[in-house]
Amino acid sequence: MKLVLLGPPGAGKGSLAALLKKSLGLAHISTGDLLREEIKNHTALGQEAKSYIDQGGLVPDELVTRLVEHKLKTIQGGYLLDGFPRTERQAKDLDQILARLKQTLDSVIYLNATLSVIIDRLAGRRVCKSCGALFHIKNKPSQKEGICDLCQGQLYQRPDDNEATVKERMRVYLENTKPIIHYYEEQNRLMTVDADKDSEDVEKIILKSFDL
Ligand code: AP5
């Protein structure tokens, strides 16, 4: 199965991807994670991407698309794209990449979450430095404060989760990403789910819609 997860920052794309990855046996491709990995490894691409991410803006389409195409070529079987596409250009580029790979998307899942929920989720998010597991200080606290339950790694707050950058990420989302919902609606591939619900409930709704 080949899926895209679409939605505003903090809608729960990463959290849902972790669940669907297990239940459907899919590879999880998060462009945010791929870019943060490039930054961590001090690559030229990472250096360039950092300036955009720190400001809450979008990394240029060509850079992200190149990264995604490279990754997709290494994957056998199904996958979940999380955070890509994010612009109409990227959506069109994805269509071309899929055509080259002779693949089609099964569904584009739009996680529709309200602003107050998003703000609360991003303000309380904590991420494991070692394994990337997601926690939340209220919704999903780790057993030991600041320590990952899965690998004992250190938890940190993403630098782009501060109030000013979140505001800019939301503005950028509304301007660039929300319009592509319509692009997939026209292709009859869009599934909209209420993402204010718990991730487990959202997952159940999605699995049921696939008759699983
Ligand atoms: P990226 O990392 O993709 O960030 P994002 O889209 O802003 O999404 P987030 O990771 O912030 O949120 P999420 O929806 O995954 O929520 P999560 O599950 O973590 O991108 C970062 C930056 O990289 C961008 O700003 C841009 O600069 C660049 N970039 C990335 N892709 C790009 C592209 N294609 N083109 C150009 N630039 C690109 O959940 C958040 C918190 O809420 C967690 O603490 C979690 O525990 C909690 N939570 C989640 N779901 C629930 C739930 N259902 N109930 C209760 N709590 C929940």
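With that settled, consider the overall build of the chain. What the chain contains, in helices and strands, is 9 helices and 8 strands. The C-alpha atoms of the chain give 16 Å as radius of gyration, which agrees with the globular expectation for 212 residues (17 Å, within 12%). Along the longest, intermediate and shortest principal axes, the C-alpha atoms of the chain span 45 × 40 × 30 Å. Residues classed as buried in the chain amount to 46% of the 212 residues present. Total accessible area on the chain stands at roughly 11,400 Å², and carbon and sulfur atoms take up 49% of it.

The subject of this paragraph is the state of the cysteines. All chains considered together, the criterion is met by 0 disulfides. Lacking any disulfide linkage, C128 is separated from the closest cysteine sulfur, that of C151, by 3.6 Å. Left without a disulfide partner, C148 is nearest to the cysteine sulfur of C131, which lies 3.8 Å away. You can call C148 buried: its relative accessible area is 1%.

Take T87: it is sitting in the loop between strand 3 (79-82) and helix 5 (88-101). Only 3.1 Å separates the side chain of T87 from the side chain of D61, close enough to count as a polar contact. Apart from residues no more than four positions distant in its own chain, T87 is found in contact with L58, D61, N176 and I180.

Counted under the stated rule, the structure contains 1 cavity of 30 Å³ or more. Reported here for the largest cavity is a volume of approximately 40 Å³. Contributing to the lining of the largest cavity are L5, L6, G7, K13, G83, F84, P85, R86 and T177. Here the lining of the largest cavity is built from residues that sort into 4 nonpolar, 3 polar and 2 charged.

Moving on: the site of the ligand. Near the ligand, the surroundings consist of 34 residues, among which S15, G57, R86, R125 and R169 are the closest. Residue G14 places a main-chain N or O atom 2.8 Å away from an oxygen atom belonging to the ligand. If the ligand stood free it would expose 1,000 Å²; the protein chains cover 95% of that surface. Looking at the shell around the ligand element by element, the count peaks at 4 residues for helix 2 (residues 31-40). Here the residues of the shell around the ligand sort into 12 nonpolar, 12 polar and 10 charged.

All right, on to the pattern of salt bridges then. Opposite charge on two side chains permits them to pair, given that their charged atoms come into close proximity. Tallying each qualifying case throughout the model produces 15 salt bridges. The shortest N-O distance in the salt bridge between R125 and D161 comes to 2.9 Å. Taken together, the residues R125 in strand 5 (residues 125-128) and D161 in the loop between strand 7 (155-156) and helix 7 (163-177) connect sequence positions 36 residues apart. The class for R125 is buried, based on a relative accessible area of 13%. Take D161: its relative accessible area is 5%, and that puts it in the buried class. One connected set of salt bridges, linked through shared partners, spans R125, R158, D160, D161 and R169.

Reading the values: the criteria
- Residues numbered from 1 in each chain as written.
- Predicted model: local features only at pLDDT ≥ 70, side-chain atom pairs only at ≥ 80, totals over all residues.
- Heavy atoms only, no water.
- Helix = DSSP H or I, 4+ residues; strand = E, 2+ residues; numbered from the N terminus.
- Rg over C-alpha atoms; globule rule 2.2 N^0.38 Å.
- Buried < 20%, exposed > 50% of the residue type's maximum accessible area, 1.4 Å probe, protein only.
- Areas by Shrake-Rupley, 256 points an atom, 1.4 Å probe, with all protein chains shown as cover.
- Disulfide = S-S within 2.5 Å.
- Polar contact = N/O pair within 3.5 Å; in protein donor to acceptor, adjacent residues only side chain to side chain.
- Contact = heavy atoms within 4.5 Å.
- 1 Å grid on protein atoms, 1.4 Å probe; cavity = no way out; pocket = protein on both sides within 12 Å on 5 of 7 lines; lining within 4 Å.
- Points joined across faces, edges and corners; volume = space filled by probe spheres on them.
- Nonpolar A, V, L, I, M, F, W, Y, C, P; charged D, E, K, R; others polar.
- Near = heavy atom within 4 Å.
- Salt bridge = Lys/Arg side-chain N within 4 Å of Asp/Glu carboxyl O.

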